[in-house]
Amino acid sequence: MATENKIKRRAFLEKSALGVGGLILSTVLVGSCTDHRGPEPNDPNQQGSFDYGVASFDPTDNQIILWTRVTPANGASRITLTYQLATDAAFGTVVKTEMIDASADDDFTVSVDISGLTSNTRYYYKFTITNTAVASVTGETKTLPRGEESGEVKLAVCSCSNYPYGLFNVYGAMANSEADVIVHLGDYIYEYAPGQYGTNPSTAALGRAHQPAKEIIDLADYRTRYKQYRSDPQLQLAHQKKPFICVWDDHEVANDAYKDGAQNHNPGEGDFSTRKANALKAYHEYIGIRTPVDTKIYRTFTFGSILNLHMLDTRLIGRDKQLAYGTYFNNAGQLDTAAFGQAWLDPKRTLLGSEQLGWLGGALNAGQATWQVLGQQVLMGKMYVPAELLVSISQIVAQVDAQGSVSPALFASFQTLLVALTQIKARSLANDPTLTVGELARIRTVLPYNLDAWDGYPAEREAVYALAKGKRLVALSGDTHNGWFSDLTTSDGTRAGEEIATPSVTSPGFEAYLGLNQATLSAFESALALLIDDLKYLDASRRGYTLVNFSTGRIQSEWRYVPTITTPTVSTTVGHTETIIA
Ligand SMILES: [Fe+2]
């Protein structure tokens with residue numbers, strides 16, 4: 001359930017109004033719930049431990065959601081906790097404290113939405129089990145700046161954290177970074193079974209085998225999977241040290257999800273809407289989101305006069321089913337470009353849905369800050385690649401998925417093709433008069449690389465660009481597992497903004513298909529940057545996050561990479577930087 005629903009139901013057992021220097025810091029709390037039971041003194045059922053750390057979510061300039069989970073010791077259905085929020089780590093100045101029940105209804109998680117806080121201020125918080133005084137670790141969080149209060153805002157942007165695939169070093173690095181807020185763009189968990197996606201030679205050795213040991217379908221499965229992920233010390237540290245702003249992508253439910261189905265859901269797994277409801281209930285138990293309705297997670301955060309961050313749901317609320325090239329091949333084995341084009345360009349195809357698109361238009365229009373930033377899942381820039389190259393990449397992906405590796409012959413033909421196409425493109429950029437019509441056709445016959453991304457919904461992408469016209473638009477994107485930087489341009493080539501796309505925390509990138517040979521990877525990266533007009537930077541093989549530093553005059557973005565995900569480290573190197581001028 002959404003945080004607000006939880007909050008309506010939570011037990012307000014104690015009201016406090018602590019005065020410091022004559023100032024009332026905590027206003028009287030008003031609870032609408034009727035469950036006001038407190039713990040019976042010495043109740044043996046009121047025992048447990050905090051095994052999943054603490055977390056804070058959705059900061060505004062006066063609110064923050066605090067989270068924890070208590071593990072009940074002896075079959076209790078309800079345990080009363082007390083939280084404290086203070087302006088110092090020693091809890092000398094407590095500004096809010098109250099009791100709240102953790103119950104089996106929400107898997108013993110609690111989310112408390114606290115308001116009336118001071119902007120641009122660091123806070124410390126902890127939970128205790130009221131009867132036993134067993135305490136959680138102390139969490140740190142920070143409210144957002146108001147007006148001109150802060151000269152800069154630093155967001156650590158990440159996505160795609162697959163627990164079985166490797167260590168969460170990237171979370172540890174973000175915990176130790178200078179970021180104000182961690183923005184997670186989805187694939188916080190993955191739904192697969194052992195042996196499926198995510199399983200690799202390190203999984204067992206690192207003790208990261210899937211829990212439960214099956215594809216997650218029902219509510220208990222999703223809860224168990226969240227608990228496995230949140231048992232990770234580096235993820236716990238990231239949550240303990242920084243507030244998170246999150247949106248889900250597909251794997252929080254099932255691969256390549258859309259509004260009423262998913263690639264990785266079949267009828268044998270039951271009704272999709274039931275599975276989705278299970279997935280979203282567990283999501284809201286473990287991730288704090290301040291939304292009025294469980295299924296609507298799109299919302300705006302204002303960081304003073306610097307940026308408005310519009311978090312979107314491109315996945316579950318409005319997305320039409322993805323197109324697939326495979327359905328547009330004719331009997332001769334050729335792509336029926338007319339039929340494909342008609343479906344692809346259909347103005348009714350939607351990724352956001354009309355209600356969210358209308359909301360976004362209003363939010364962009366109302367946004368007064370310098371930067372209008374979209375925090376969302378899938379690549380927004382046009383990734384139109386030569387059709388021959390798309391076919392070759394598809395063949396490699398199919399062979400690796402089917403056999404585990406690519407044959408030397410297929411790989412050699414891919415490399416030859418890459419060289420040929422980049423040579424033609426380079427000659428074209430140099431206005432070589434000897435280029436033939438046939439050669440030009442090879443680089444001008446392009447197709448969108450990923451129909452699951454905005455490239456599969458071009459009409460609605462144009463609509464978003466039109467809504468943002470006159471604003472400084474920047475998209476933050478996840479999903480691909482690779483690092484990218486692109487210009488955003490409309491269909492007629494007019495500049496609409498920039499896209500900063502973050503690599504994954506652990507999930508594999510192009511290297512899973514191309515291998516780890518650095519020369520091959522570098523050639524692929526530069527070839528794509530040359531062949532794709534709007535693409536300026538690609539890292540095809542490293543895990544990391546993006547540290548995006550905003551001020552009213554400019555954005556400085558660093559793509560930071562960890563050296564490994566098989567041994568613990570929190571060190572990173574800066575692989576690339578971009579400066580965007582307002
Ligand atoms: Fe992913």
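Reading guide: rules and limits
- Residues numbered from 1 in each chain as written.
- Predicted model: local features only at pLDDT ≥ 70, side-chain atom pairs only at ≥ 80, totals over all residues.
- Heavy atoms only, no water.
- Helix = DSSP H or I, 4+ residues; strand = E, 2+ residues; numbered from the N terminus.
- Buried < 20%, exposed > 50% of the residue type's maximum accessible area, 1.4 Å probe, protein only.
- Areas by Shrake-Rupley, 256 points an atom, 1.4 Å probe, with all protein chains shown as cover.
- Lys, Arg positive; Asp, Glu negative; His and termini not counted.
- Charge placed at Lys NZ, Arg CZ, Asp CG, Glu CD.
- Pairing = 2+ DSSP bridges.
- Axes fitted to C-alpha atoms, helices over the stretch in contact; angles between N-to-C directions.
- Salt bridge = Lys/Arg side-chain N within 4 Å of Asp/Glu carboxyl O.
- Polar contact = N/O pair within 3.5 Å; in protein donor to acceptor, adjacent residues only side chain to side chain.
- Donors = N, O, S within 2.8 Å, 3.2 Å for Na, K, Ca; no water.
- Tetrahedral: all angles 85-135°; square planar, octahedral: opposite > 155°, others 65-115°.
- Core = buried A, V, L, I, M, F, W, Y, C linked by side-chain atoms within 4.5 Å.
- Contact = heavy atoms within 4.5 Å.
- Phe/Tyr/Trp six-rings, centres within 6.5 Å; stacked < 30°, edge-to-face > 60°.
- Lys NZ or Arg CZ within 6 Å of the ring centre and 35° of its normal.

Caption draft 1: Broad picture of the overall build of the protein chain. Looking only at helices and strands, the protein chain has 14 helices and 28 strands in total. Considering only C-alpha atoms, the protein chain reaches an extent of 85 × 50 × 45 Å along its principal axes. Sorting the 582 residues of the protein chain into buried and exposed places 59% on the buried side. When the accessible surface of the protein chain is summed, it comes to about 21900 Å², and 53% of that surface belongs to carbon and sulfur atoms. Counting 49 positive and 61 negative side-chain charges, the protein chain places the averaged centre of each group 3 Å from the other.

Caption draft 2: Layout of the sheet that holds strand β10 (residues 122–129). On the basis of which strands lie adjacent, the open sheet formed by 4 strands has the order β8-β7-β10-β11 and antiparallel pairing. Strand pairing shows two members of the sheet lacking a second neighbour, β8 (94–103) and β11 (139–142), which therefore form its edges. Going across the sheet, the axis of each strand differs from the next one's by a mean of 25°, ignoring polarity. With 9 bridges connecting them, strand β7 (residues 78–86) and β8 associate as antiparallel partners. Each bridged residue has a counterpart across the sheet, and for I79 the counterpart in β8 is A102.

Caption draft 3: Seen up close, the pattern of salt bridges. With the rule as written, the count across this model stands at 36 salt bridges. Note that E355 is salt-bridged to K296, the shortest N-O span being 2.6 Å. In this pair, E355 is assigned in helix α8 (residues 354–366) and K296 in the loop between α6 (272–286) and β17 (299–303), connecting sequence segments 59 residues apart. Here E388 makes a salt bridge to R442, at a shortest N to O gap of 2.7 Å. Taken together, the residues span a long stretch of sequence, with E388 in helix α9 (residues 387–403) and R442 in helix α11 (residues 437–444) at a distance of 54 residues. If you follow the salt bridges from partner to partner, you end up with R472, D487, R495, E498 and K536 in one network.

Caption draft 4: Spatial organisation of the side chain of K96. With respect to the helices and strands, the residue K96 is situated in strand β8. Notably, K96 is buried but unbridged: the nearest opposite-charge side chain belongs to E98, and the N-O separation is 7.2 Å. Among the polar contacts listed, one links the side chain of K96 to the backbone oxygen of S115, at a separation of 3.1 Å.

Caption draft 5: Inspection of the coordination of the iron ion at higher detail. Looking at the iron ion, one finds its protein donor set to be C160 (SG), D187 (OD), Y190 (OH) and H481 (NE2), positioned 2.1 to 2.5 Å from the metal centre. If you look at the iron ion, its 4 donor atoms make angles of 87 to 166° with each other, and the shape they trace is irregular. If you list the donors of the iron ion from N- to C-terminus, the spacing comes out as C-x26-D-x2-Y-x290-H. Of this pair, D187 sits in the loop between β13 (181–184) and α3 (202–205) while H481 sits in the loop between β22 (472–477) and β23 (483–489), and the two are 294 residues apart along the sequence. The pair D187 / H481 is uniform in exposure class, with both members buried.

Caption draft 6: Up close: the pairing of strand β12 (residues 153–158). Counting buried positions along β12 gives 6 out of 6 residues, so the element sits mostly inside the fold. Along β12, one buried face is formed by V153, L155 and V157 and the opposite face, lined by K154, A156 and C158, is buried too. In this structure, β12 lies alongside strand β26 (residues 544–550), joined through 5 bridges in antiparallel fashion. From the neighbouring strand, L155 faces β26, where its bridge partner is V548.

Caption draft 7: Examining the nonpolar core more closely. Counting residues in each nonpolar core, the largest one holds 78 residues, and the members touching the most others are L155, Y171, F303, L307, L309 and F550. Here this core gets 6 residues from one element, more than from any other, and that element is α6. Discounting residues that sit within four places of it in the chain, Y171 has contacts with C158, S161, H184, Y188, Q234, L235, A238, F244 and V505. Residues Y325, L360, L390 and I532 belong to the second largest nonpolar core, which totals 60 residues.

Caption draft 8: Inspection of unusual backbone geometry at higher detail. Residues Q211 and P212 are joined by a peptide bond in cis, for which omega reads -5°. Along the chain, the position of P212 falls in the loop between α3 and α4 (219–230). Despite not being glycine, N120 shows a phi value in the positive range, around 50°. On the secondary structure map, N120 appears in the loop between β9 (109–114) and β10. Accessibility expressed as a relative area gives 27% for N120, which makes it partly exposed.

Caption draft 9: Inspection of the side chain of N482 at higher detail. Mapped onto the elements of the fold, N482 is located in the loop between β22 and β23. Relative accessible area serves as the criterion here: at 2%, N482 is assigned to the buried category.

Caption draft 10: Fine view of the packing of aromatic side chains. Applying the stated rule across the entire model yields 24 aromatic pairs. Seen in terms of ring centroids, Y449 and F510 are 6.1 Å apart; in terms of plane orientation they differ by 45°. Their pairing is tilted. One end of the pair, Y449, is in the loop between β21 (446–448) and α12 (458–467); the other, F510, is in the loop between β24 (495–501) and α13 (511–514), with 61 residues separating them in the sequence. Taking the relative accessible area as the measure of exposure, Y449 reaches 30% and is therefore partly exposed. Feature note: the residues F411, F414, Y449, W484, F510 and F524 constitute an aromatic cluster, connected by ring pairs. Over the face of the ring belonging to F91 we find K126, whose NZ or CZ atom lies 4.4 Å from the ring centre.

Caption draft 11: Structural context of the environment of Q63. Tracing the backbone shows Q63 in the loop between β4 (54–57) and β5 (64–69). In the structure, Q63 is positioned 56 residues away from S119 in sequence and 8.7 Å away in space, judged by C-alpha atoms. Residue contacts for Q63: discarding those within four places in its chain leaves D58, D113, I114, S115, L117, T143 and R290.

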